[in-house]
Amino acid sequence: MYEPIRNASPRRSLHTLADPGDFPHRSREEELDIQLAGHLAALLAVTDELRALTPDGDGDLDAAADSLAHQVARLRGGATPVRSAVTAAIHEPHAAALHQRAHALAGRALVVAASRADTAAAILAARRMEAHASAARLVSA
């Protein structure tokens, strides 16, 4: 019933881990940079979508988008993030959901920024959380 694997090396078990030199490793800081850049890029996409919803061109959202783009570029070694070009007009309940999503993304970014001791990103994320929380209350009311 049991047939041994014939072409396995007699010195190496099938259950041993691969040689650590077989694949690239990243440090904890590099992993946190990648994760933080991802959260901030997602927040930037939502911010761009909210900017498209604002008919008068909200200066706060413009400044926030520029700051987010700068932080993402810094974390990605200078690579500028792709910006969203949303042109469709969307109804108000969608705006409330976008503010809630942006608040959640900013919260995730804040947690990662705090764990990697990135003060600039943490301050930006905390400010965005506060702004989106108040905006969500205004849109929902």
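Described in the following lines is the structure provided in the data block. (Residues numbered from 1 in each chain as written. Predicted model: local features only at pLDDT ≥ 70, side-chain atom pairs only at ≥ 80, totals over all residues. Heavy atoms only, no water.)

### What about the pattern of salt bridges?
All chains considered together, the criterion is met by 7 salt bridges. Measuring nitrogen to oxygen at the nearest pair gives 2.9 Å for the salt bridge that ties Arg51 to Asp48. A residue pair is termed a helical-turn pair when its members lie 3 or 4 positions apart in one helix, as Arg51 and Asp48 do in helix α1 (residues 28-53) at 3 residues. The exposure class assigned to Asp48 is buried, which follows from its relative accessible area of 5%. Between Arg116 and Asp118 there is a salt bridge, with the nearest N and O atoms lying 2.3 Å from each other. A relative accessible area of 24% means that Arg116 is categorised as partly exposed. The exposure class assigned to Asp118 is buried, which follows from its relative accessible area of 7%. (Salt bridge = Lys/Arg side-chain N within 4 Å of Asp/Glu carboxyl O. Helix = DSSP H or I, 4+ residues; strand = E, 2+ residues; numbered from the N terminus. Buried < 20%, exposed > 50% of the residue type's maximum accessible area, 1.4 Å probe, protein only.)

### Concerning the packing of α1 against helix α2 (residues 59-75)
At their nearest, the axes of α1 and α2 sit 9 Å apart, and the two run at 155° to each other. Here α2 runs roughly antiparallel to α1, going by the angle between their axes. Crossing handedness for the pair α1 and α2: left-handed. Contact with α1, carried on its side by Asp33, Leu36, Ala37, Leu40, Ala41, Leu43, Leu44, Thr47, Asp48, Leu50 and Arg51, involves Leu61, Asp62, Ala65, Leu68, Ala69, Gln71, Val72 and Leu75 of α2 and no other residues of that element. In terms of residue class, the contact of α1 with α2 is made up of 13 nonpolar, 2 polar and 4 charged. (Axes fitted to C-alpha atoms, helices over the stretch in contact; angles between N-to-C directions. Parallel < 35°, antiparallel > 145°, perpendicular 65-115°, else oblique. Left-handed = near helix turned anticlockwise from the far one by under 90°. Contact = heavy atoms within 4.5 Å. Nonpolar A, V, L, I, M, F, W, Y, C, P; charged D, E, K, R; others polar.)

### Remarks on the packing of α2 against helix α4 (residues 119-140)
Remark: α2 packs on α4, axes separated minimally by 11 Å, with the N-to-C direction vectors making an angle of 150°. On the basis of the axis angle, α2 is roughly antiparallel to α4. The chirality of how α2 crosses α4 is left-handed. Between α2, through Asp60, Leu61, Ala64, Ser67, Leu68, Gln71 and Arg74, and α4, the contact on the second element is made entirely by Ala120, Ala121, Leu124, Arg128, Ala131 and His132. Residue classes in the contact of α2 with α4 are distributed as 7 nonpolar, 3 polar and 3 charged.

### A few points about the side chain of His132
Relative to the helices and strands, His132 is located in helix α4. Those residues in contact with His132 that sit more than four places away from it in its chain are Leu43, Thr47, Leu50, Leu61, His99, Ala102 and His103.

### Remarks on unusual backbone geometry
Unlike most non-glycine residues, Ala117 shows phi in positive territory, near 55°. Residue placement: Ala117 occurs in the loop between α3 (92-115) and α4.

### Section: the environment of Ala69
Assignment of secondary structure puts Ala69 in helix α2. Here Ala69 is in contact with Leu44, Pro81 and Arg83, once residues within four sequence places are set aside.

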